[in-house]
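Notes for the structure review
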Amino acid sequence: MSSLSSMIEHGWEMGRKTVPGPILLLGAPGVGKGTQAKELVKIWEIPQISTGDLLRANVAQGTELGKVAKEIMDRGDLVPDSLVNEMVAVRLRQPDTANGFILDGFPRTLGQAGWLDGRISSKSDGVPVVAVSIQVDYNQLLRRTTGRRNCPVCQTIYNIYMKPPVNDGICDVEGAALVQRADDTEEAFAERMRVYTAQTAPVVEHYRELGRFAEVDGDRPIDVVAAGIIAAVDRLRTERG
């Protein structure tokens, strides 16, 4: 029996023992954060909010915020926190966020975390943010990333260490030569890890000091990791009453 099935039998009702509320899902490149977010969206029936998606949507739709963001990006500048915060604020006013939401890529900085906490605490029924970090060993992440190969024809993804093709370097389906993305090299991975750690460390410490932070082992089957995240959120919510 899977961990999620076991939860249901013990009265978890697919992760609804508590209202999930706002959840910051953290994880280094390659931990499977996107996969877990999709699982939790289905289980909790709450939206995933990605600042990258919000930015692209606002630009594509030509909203006032999108127009400002496009001008800034066209100059080659970074979109400031204040503009990202406003896009998030608009999204959080939508009714599907009432029971919670999964944050992806936000808050990235201590300033954004402070803004988010302040906005939520200003609401009479505001449930505070809890942060859950998916942990996977560095060398395992390196293998996941640098071992990845794509078929340029059918887009099938292989991993030379974990899911290799039958014939080395050749797609099983199309017979095409597999390729490695430029950002899947060891050097590119090391730089992404450096940036992630530098950005995330202050945010992690912020929520740790508030007693709203937990870690789960991400080097396990997808359903087991999801069960661990659900249990961590429930524990954090229960501990805070």
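Attention in this report is confined to the structure presented alongside it. (Residues numbered from 1 in each chain as written. Predicted model: local features only at pLDDT ≥ 70, side-chain atom pairs only at ≥ 80, totals over all residues. Heavy atoms only, no water.)

Things to note about the overall build of the protein chain
The helix and strand tally for the protein chain stands at nine helices and seven strands. Its C-alpha atoms give the protein chain a radius of gyration of 20 Å, within 12% of the compact-globule value 18 Å for 241 residues. C-alpha extents for the protein chain along the principal axes are approximately 60 × 55 × 30 Å. Looking at the protein chain residue by residue over its 241 residues, the buried ones come to 41%. Carbon together with sulfur atoms contributes 52% to the accessible area of the protein chain, which is approximately 12800 Å² in total. With 28 positive and 32 negative side-chain charges, the protein chain shows a separation of 3 Å between the mean positions of the two kinds. (Helix = DSSP H or I, 4+ residues; strand = E, 2+ residues; numbered from the N terminus. Rg over C-alpha atoms; globule rule 2.2 N^0.38 Å. Buried < 20%, exposed > 50% of the residue type's maximum accessible area, 1.4 Å probe, protein only. Areas by Shrake-Rupley, 256 points an atom, 1.4 Å probe, with all protein chains shown as cover. Lys, Arg positive; Asp, Glu negative; His and termini not counted. Charge placed at Lys NZ, Arg CZ, Asp CG, Glu CD.)

Focus: the packing of helix H3 (residues 51-61) against helix H4 (residues 64-74)
Contact geometry of H3 with H4 gives a least axis separation of 7 Å together with a crossing angle of 100°. In terms of axis orientation, H3 runs roughly perpendicular to H4. In contact with Leu55, Asn58 and Val59 of H3, H4 contributes Leu65, Gly66, Ala69, Lys70 and Met73. For the contact of H3 with H4, the per-class residue count stands at five nonpolar, two polar and one charged. (Axes fitted to C-alpha atoms, helices over the stretch in contact; angles between N-to-C directions. Parallel < 35°, antiparallel > 145°, perpendicular 65-115°, else oblique. Contact = heavy atoms within 4.5 Å. Nonpolar A, V, L, I, M, F, W, Y, C, P; charged D, E, K, R; others polar.)

Thoughts on the packing of aromatic side chains
Per the stated rule, a full pass over the model turns up two aromatic pairs. Ring centres of Phe106 and Trp115 lie 6.0 Å apart, and the angle between their planes is 80°; on these two criteria the pair is classed as edge-to-face. Accessibility expressed as a relative area gives 1% for Phe106, which makes it buried. (Phe/Tyr/Trp six-rings, centres within 6.5 Å; stacked < 30°, edge-to-face > 60°.)

Considerations on the side chain of Thr51
Looking at the secondary structure, you find Thr51 in helix H3. A relative accessible area of 14% places Thr51 in the buried class.

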